[in-house]
Amino acid sequence: MKPSLAVLVAKRLVDLITGWLGTLFFVFTYPFVALLIKIESRGPVLYSQQRIGINRRSSPYQIFRTKKNENIAGGTGAFILSNRQVDYGGEIFTILKYRTMRIDAESLGPQLAKKGLDPRVTKIGKWLRALHIDELPQFVNILRGDMSLIGPRPERPYFTLQYSKSIPHYLDRTLWIKPGLTGLAQIVLGYDDGMDSVVRKVHYDFSYRSATCNLLTWARMELWVGVNTILYLFIKPEFEGETRDLAGLRRAKLLNFRAYAPDKPDPAKEPTEVKSLVHLHQTKRSIVLVGRSPYELSRKLKEMDINPKKSLDVQVSPDENFDLEDLGFLINLVQRVKLTGGRVAIKNSSPRVQKMLKEIHMDKVVDLHRPQDTVKNFMTVDVECWFHAYNLKEQVPPSTWHLQPTRVAANVRKILDLFKAHDTKATFFVLGWVADHFPDVVRMIDAEGHEIGTHGYYHNLLTNMTPNQFEEDLEKSLVALGKLTPQKIIGHRASNFTIVESTLWALEILAKYGIEYDSSVFPIKRERYGISRYPNRLPHVMQFQNGNHLTEIPLSTLGLGNKLFPISGGGYLRLYPYRVTDRYIEQKNQRGLPAMVYFHPWELDTEQKRLNVGGMKGFQHYVNLDSTEWKLSRLMERFFFTSVKENLQTKRIQGLLRKNPVRIERMHGITEGEQGAFRLAPANWDTQTASTPRMEKLAMAPGPVAATVVEINSLNGSP
């Protein structure tokens, strides 16, 4: 793939400016440098050598032909190749340098720079090389268009032929890119001293090449290389050993840069049928490709007809055997995706691959995610039909539910495909009514390995139910789900999050029926739901007076000043710009805390039946339905998500559960049906005499659990 036109134009403009300035400096300093060289040794002042330039191949199989008796070895040696087809991986040009070695330095053929103090280097040449003054004549090559200021190192034809036999994609280093006077590999790794250092440099050259697919990405990389080139020149030269003591070289030597992974099967010797390694998910606004092999992803992308109006997201999860061959395919993939305006993310990679990609500065080109042991967020789905939504209950009463058209099965299938594409597990809180009327929905979810929880049966608000009614509804939903899945149902989410101050009695009922966690508390106050000033916005344990306990995972809220706002779920996910949700989860994860994402299947259905329900209700239900799917895809590309059950077992969440539990007690002296009051107070307060503005008298629903006191161990535990 060619670099973008904007990059080519900008790069040539930089080359012309620096080429003229450098050439003028070369001309002015030439007499003095030439005199020093002539005083010490006989021979020419300038040294010409053939190098490999830009590779303008239209396909990786194009071959270049040499002229008869052409000297391609470089230098003054007599290494001659006869007339035959040879792939040099680029156009041959003549480079100019100040001579720093004896004139017979390569009489036996081309050689790599020797470790330590090279005996072939003259005394003046030692200083010219250390200060890189010997490369000043190359500004003439930059001005002529043979080279660029920044790019891969120009290699000699002889070594190019040798390296191409053992280093994968070596000839693609300069594919549509001119070699550079300086470059990412040159300033990080210094001079080549063996095959290992060449392999390391090719990694850096590929990284620079991938940055040319986008003007902004290229500008970031170019600026970094330019600034660090200047800093590089100020590092004190070391004549014994490396030219300079380079921190990047020390780090690179500790990393496992591989040309070929040692235990990787050779496709030519062991042809195997490739199983479906690529998952494709398309929406009206986006295309998502997920896979482990950059080669397979490139092949799939090449077969596709990309609609320019759709956003393209590619997610690569490289395995431990990731090597230079895979990196070459990855660079081609990145360039193809970036030139279409898409994005590439590296996810679920091993620590070795993460360190390597970060060291070669691929984080300037692709989104690099941290390893798998990072924060895992909660992904949840409330499985219900469009007519179960609270805003539509007046137009569609329960007696007419069975008459309404619904695509809940198709929508759940779409969600399962989306999760599969992103290798994500989730918790599905399924409505009992849906389980009885659409049993295949539950079976599909269970077959894909996702967790199943209960969302009640009739989707009634707990604030309109008595404890007995809630218990009957819960039991009926558990029976409906139990007939369709062997999973033990341990999770619950109340309809419209109506676990509020007046319905805390429901939590003891949940514990009674074996429910281990609830995710219904919204730590804000809204018309139908929420608990204002809720003391713990993190996952925590609720302790009951009878010794039972229940884990609570509150819904996510965003704090702005003294206000809390709901975020990252349902209508809030659809309403807010994607960047708001993305930034919230990013900041949350940076502090080691998980976020909760929730949505409904009907929120992905842009063709659902539309009712005239009034301005605000219609807006809340129908706003940005076409954005839900691509926002979810983008979030799963950027962050790690899993089911509630799996996340609760992680050390990070277990650590949170040990902090700041919420204690719930019955008030004494209150009988069934009598109104009582809740009080929020730290556990070490005297609950009989304490009086503070934080203590709120709240109305309470009648029932056997007539009243509760919520006692908190700490009011400072919320983020």
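Residues numbered from 1 in each chain as written. Predicted model: local features only at pLDDT ≥ 70, side-chain atom pairs only at ≥ 80, totals over all residues. Heavy atoms only, no water.

1. Focus on helix H11 (residues 351–359)
Then, number 1: Where H11 is concerned, the buried positions are Arg352, Val353, Gln354, Met356, Leu357 and Glu359.
Then, number 2: Looking at the buried side of H11, the elements it contacts are helix H5 (184–189), helix H6 (195–211), helix H8 (247–254), helix H10 (324–339), strand E10 (343–346) and strand E11 (367–368).
Then, number 3: Positive backbone phi, approximately 70°, marks histidine 361, located one or two places after H11. (Buried < 20%, exposed > 50% of the residue type's maximum accessible area, 1.4 Å probe, protein only. Helix = DSSP H or I, 4+ residues; strand = E, 2+ residues; numbered from the N terminus. Contact = heavy atoms within 4.5 Å.)

2. Considering the confidence of the model for the protein
Then, number 1: Averaged over all residues, the pLDDT of the protein is 80; the fraction at 70 or higher stands at 82%.
Then, number 2: Overall, residues 59–84 carries pLDDT values under 50, and its contacts beyond four positions in sequence, including any with other chains, amount to 55 contacts.
Then, number 3: Counted against residues more than four places away or in other chains, residues 668–719, with its pLDDT under 50, gives 113 contacts. (pLDDT = per-residue confidence, 0-100.)

3. Notes on the nonpolar core
Then, number 1: Counting 98 residues, the largest nonpolar core has Val383 and Phe428 as its most contacted members.
Then, number 2: In this view, valine 383 contacts Val408, Val412, Phe428, Phe429, Val430, Leu431, Val434, Val441, Ile445 and Pro601; residues no more than four positions away in its chain are not counted.
Then, number 3: Within the second largest apolar cluster, 72 residues are counted, among which are Ala10, Tyr98, Tyr204 and Ala211. (Core = buried A, V, L, I, M, F, W, Y, C linked by side-chain atoms within 4.5 Å.)

4. Brief notes about the packing of aromatic side chains
Then, number 1: This structure, assessed with the given rule, holds 26 aromatic pairs.
Then, number 2: Both rings, one in tyrosine 30 and one in tyrosine 98, keep their centres 6.2 Å apart while their planes meet at 20°; by these two values the pair is stacked. Of this pair, tyrosine 30 sits in helix H1 (residues 5–40) while tyrosine 98 sits in strand E4 (residues 92–98), and the two are 68 residues apart along the sequence.
Then, number 3: Residue class for tyrosine 30 comes out partly exposed when judged on its relative accessible area of 29%.
Then, number 4: Looking at tyrosine 98, the relative accessible area reads 1%, which means it is buried.
Then, number 5: For the ring pair phenylalanine 387 and tryptophan 433, a centre distance of 5.8 Å and an interplane angle of 90° mean the geometry is edge-to-face. Of this pair, phenylalanine 387 sits in the loop between strand E12 (377–383) and helix H12 (408–421) while tryptophan 433 sits in helix H13 (residues 432–437), placing them 46 residues apart in sequence.
Then, number 6: Among the residues examined, tryptophan 433 registers a relative accessible area of 7% and is labelled buried. (Phe/Tyr/Trp six-rings, centres within 6.5 Å; stacked < 30°, edge-to-face > 60°.)

5. Here's the deal with the environment of glycine 19
Then, number 1: Inspection of the secondary structure puts glycine 19 in helix H1.
Then, number 2: Residues glycine 19 and arginine 144, spaced 125 residues apart in sequence, show a C-alpha to C-alpha distance of 8.5 Å.
Then, number 3: Not counting chain neighbours up to four residues away, the residues in contact with glycine 19 comprise Phe139, Ile142 and Leu143.

6. Structural notes on the sheet that holds strand E7 (residues 278–282)
Then, number 1: The strand order across the open sheet formed by five strands is E7-E8-E9-E10-E11, and the pairing between neighbours is mixed. Pairing within the sheet leaves two strands with one partner each, and these edge strands are E7 and E11.
Then, number 2: One ladder, built from five bridges, connects E7 with strand E8 (residues 286–291); its direction is antiparallel. Pairing of histidine 279 across the sheet is with valine 290, part of E8.
Then, number 3: Its contacts with the sheet put helix H20 (residues 628–638) on E7, E8, strand E9 (311–316), E10 and E11, and the angle it makes with E9 is roughly 30°. (Pairing = 2+ DSSP bridges. Axes fitted to C-alpha atoms, helices over the stretch in contact; angles between N-to-C directions.)

7. Remarks on the side chain of threonine 557
Then, number 1: Tracing the backbone shows threonine 557 in strand E19 (residues 557–560).
Then, number 2: Judged by its relative accessible area of 3%, threonine 557 is buried.
Then, number 3: There is a polar contact of 3.1 Å between the side chain of threonine 557 and the side chain of arginine 537.
Then, number 4: In contact with threonine 557, other than residues within four places in its own chain, are Phe522, Pro523, Ile524, Arg537, Leu564, Phe565, Pro566, Ile567 and Tyr584. (Polar contact = N/O pair within 3.5 Å; in protein donor to acceptor, adjacent residues only side chain to side chain.)

8. Observations concerning unusual backbone geometry
Then, number 1: In this structure, aspartate 423 is a non-glycine residue whose phi angle is positive, near 50°.
Then, number 2: Along the chain, aspartate 423 falls in the loop between H12 and strand E13 (427–430).
Then, number 3: The exposure class of aspartate 423 is exposed, given its relative accessible area of 58%.

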